[in-house]
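One letter stands for each residue in the lines below.
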Amino acid sequence: MKPAGFDYVAPATLDAAVEALAAANGEGKLLAGGQSLLPLLNFRMTRPAVLVDLNGIKELSFIEKRGDHVAIGALTRHRDIEHSPLIASDLPVMSAAMRHVAHLAIRNRGTIGGSLSHADPAAELPMLAMFYDARLAVQGPGGRRTIAAKDFFVDALTNCLEPEDIVAEIEFPILRHDGWAFEEAAKRFGDFALASVALSIRRGASGIEDARVAVMGVADTPLRLGDVEKRLVESGIDGRISDRFAEWVASSVTPNSDLHASGEYRKHLLAGLAKRAMTTALAMKG
Ligand SMILES: Cc1cc2nc3c(=O)[nH]c(=O)nc-3n(C[C@H](O)[C@H](O)[C@H](O)COP(=O)(O)OP(=O)(O)OC[C@H]3O[C@@H](n4cnc5c(N)ncnc54)[C@H](O)[C@@H]3O)c2cc1C
């Protein structure tokens, strides 16, 4: 199919994009990598009156270290994140997860701002935003404001943005941890995840001092498992820690069944992935 007709604007600055989107009076759509939007347009599942193309806005494409966090511009392509030495050294879980994002051609075009805004519950970047406790800088006609990732993802494919808002950049705090892992299961490598676990830990003399755990593919939004993090810190490290972790993670979720997998199967997968993640994280030298 072909999209319904629309007006097209290609602003060169973020301010001009905000203006163009506001002028569309709620009938505008932003175009980033187009990997999710173009199928929706072609199937006429969305019919914007105006398409505001962000691709000419150079200021939205960057990866920068700023003190204790890494800032990534909304138009930064998946492939640039995947191959960034800065991301590999300071956000290693993100670096490991990026090669699971779709296939090469999609990673060449897809952007972090588009992926977060699309809010697919089985997409890696929304999960990573929850995992790292990211902050999204959003620009609208009233200026710039910051939204925490935990408030951004409202439901499957639903975020908390107003129609005239643009995600400008995302800040990811750096975790000072010494063990981590990212584990995912999909029907074919590069497909959307059936289930996935991200884990990062810092060990001390008495066991795990700090932990970060997030999962995806098992709820309508990605989830950070704060209770499991707490239990990891309270529990010592012994020969059964990976099994205990797997049980805690699996019992924290109640996945729905769909055409890809039953809820029970996803839960079972998640337990296996969690066990593997903990084994990998603990095997890393502190
Ligand atoms: C076959 C296939 C397989 C895929 N598999 C995976 C996968 O395994 N994992 C995964 O994570 N993703 C997967 N994707 C999705 C891919 O990562 C997309 O790139 C991503 O979801 C959307 O990014 P985009 O830049 O292409 O956004 P677009 O398609 O251009 O836009 C998506 C939505 O976000 C809005 N938007 C875009 N930029 C902004 C912004 N800065 N501020 C506010 N709103 C904005 C748009 O208006 C639109 O509503 C897959 C896609 C395809 C086609």
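Here is what the cut-offs are and how they apply
- Every chain is numbered independently, its residues counted from 1 as its sequence is written.
- Residue-level local features of this predicted model are given only where pLDDT is at least 70; pairs of side-chain atoms are given and counted only at 80 or more, and the full residue set underlies all totals for whole chains, interfaces and linings.
- Excluding hydrogens and water, the side-chain figures rest on all heavy atoms present in the structure.
- The classification of residues rests on relative accessible area computed with a 1.4 Å probe and restricted to protein chains. Under 20% of the type maximum is buried, over 50% is exposed, and intermediate values are partly exposed.
- Numbering of helices and strands starts at the N terminus; helices are DSSP runs of H or I of at least 4 residues and strands are runs of E of at least 2.
- When DSSP finds two or more bridges between two strands, those strands count as paired.
- Contact criterion: two residues are considered in contact whenever any of their non-hydrogen atoms come within 4.5 Å of each other.
- Convention adopted: a line fitted to C-alpha atoms gives each axis, helices being fitted over their contacting stretch, and angles between N-to-C directions are expressed from 0 to 180 degrees.
- The criterion for an aromatic pair is that two Phe, Tyr or Trp rings (for Trp, the six-membered ring) have centres within 6.5 Å, with stacked assigned to planes under 30 degrees apart, edge-to-face to planes over 60 apart and tilted to the rest.
- By definition, no residue in a patch forms a salt bridge, and every one has over 30% relative accessible area; like charges are joined within 9 Å, nonpolar side chains (Val, Leu, Ile, Met, Phe, Trp, Tyr) within 5 Å.
- Shrake-Rupley sampling with a 1.4 Å probe provides the accessible areas, and residues are treated as covered by the protein chains on show and by no other component.
- Here, a salt bridge means any Lys or Arg side-chain nitrogen found within 4 Å of an Asp or Glu carboxyl oxygen.

Engineer: Explain the pairing of strand β10 (residues 166-173) to me, and be specific about the residues and the numbers.
Structural biologist: For β10, the tally of buried residues reaches 6 of 8 residues, placing the bulk of the element in the interior. With 5 bridges joining them, strand β5 (residues 69-73) and β10 adopt antiparallel strand pairing. Paired with A71 across the strands is E171, a residue of β10. In this sheet, β10 lies alongside strand β6 (residues 135-140) in antiparallel orientation, the contact comprising 5 bridges. When the sheet's bridge partners are listed, A137 is paired in β10 with E169.

Engineer: Break down the sheet that holds strand β14 (residues 223-224) for me, with residues and values.
Structural biologist: Taken in spatial order, the 4 strands of this open sheet run β11-β12-β13-β14, and their pairing is antiparallel. What marks the edges here is a single partner per strand, and that holds for β11 (179-185) and β14. The pairing of strand β13 (residues 207-216) with β14 spans 2 bridges and is classified as antiparallel. Along β14, the bridge assignment pairs A214 with R224. With respect to the sheet, helix α8 (residues 124-131) is in contact with β11, β12 (195-204), β13 and β14, its orientation differing from that of β13 by roughly 150 degrees. This element, helix α12 (residues 263-283), spans β11, β12 and β13 of the sheet and lies at about 30 degrees to β12.

Engineer: An account of the packing of aromatic side chains is requested, with residue identities and associated values reported.
Structural biologist: In the structure shown here, the tally under the stated rule is 3 aromatic pairs. Taking 6.0 Å as the distance between ring centres and 90 degrees as the angle between the ring planes, the aromatic pair formed by Y132 and F172 counts as edge-to-face. Taken together, the residues span a long stretch of sequence, with Y132 in the loop between α8 and β6 and F172 in strand β10 at a distance of 40 residues. In this pair, the class of Y132 matches that of F172, namely buried. Seen in terms of ring centroids, F152 and F153 are 5.1 Å apart; in terms of plane orientation they differ by 85 degrees. Their pairing is edge-to-face.

Engineer: Break down a nonpolar patch on the surface for me, citing the residues and quoting the values.
Structural biologist: Among the surface-exposed residues, M1, F43 and M45 lie close enough to one another that they form a single nonpolar patch of about 430 Å² accessible area. Examined against the element boundaries, M1 turns out to sit in the segment before β1 (7-9). We classify M1 as exposed; its relative accessible area is 67%.

The values are spatial; any link to function lies outside them.
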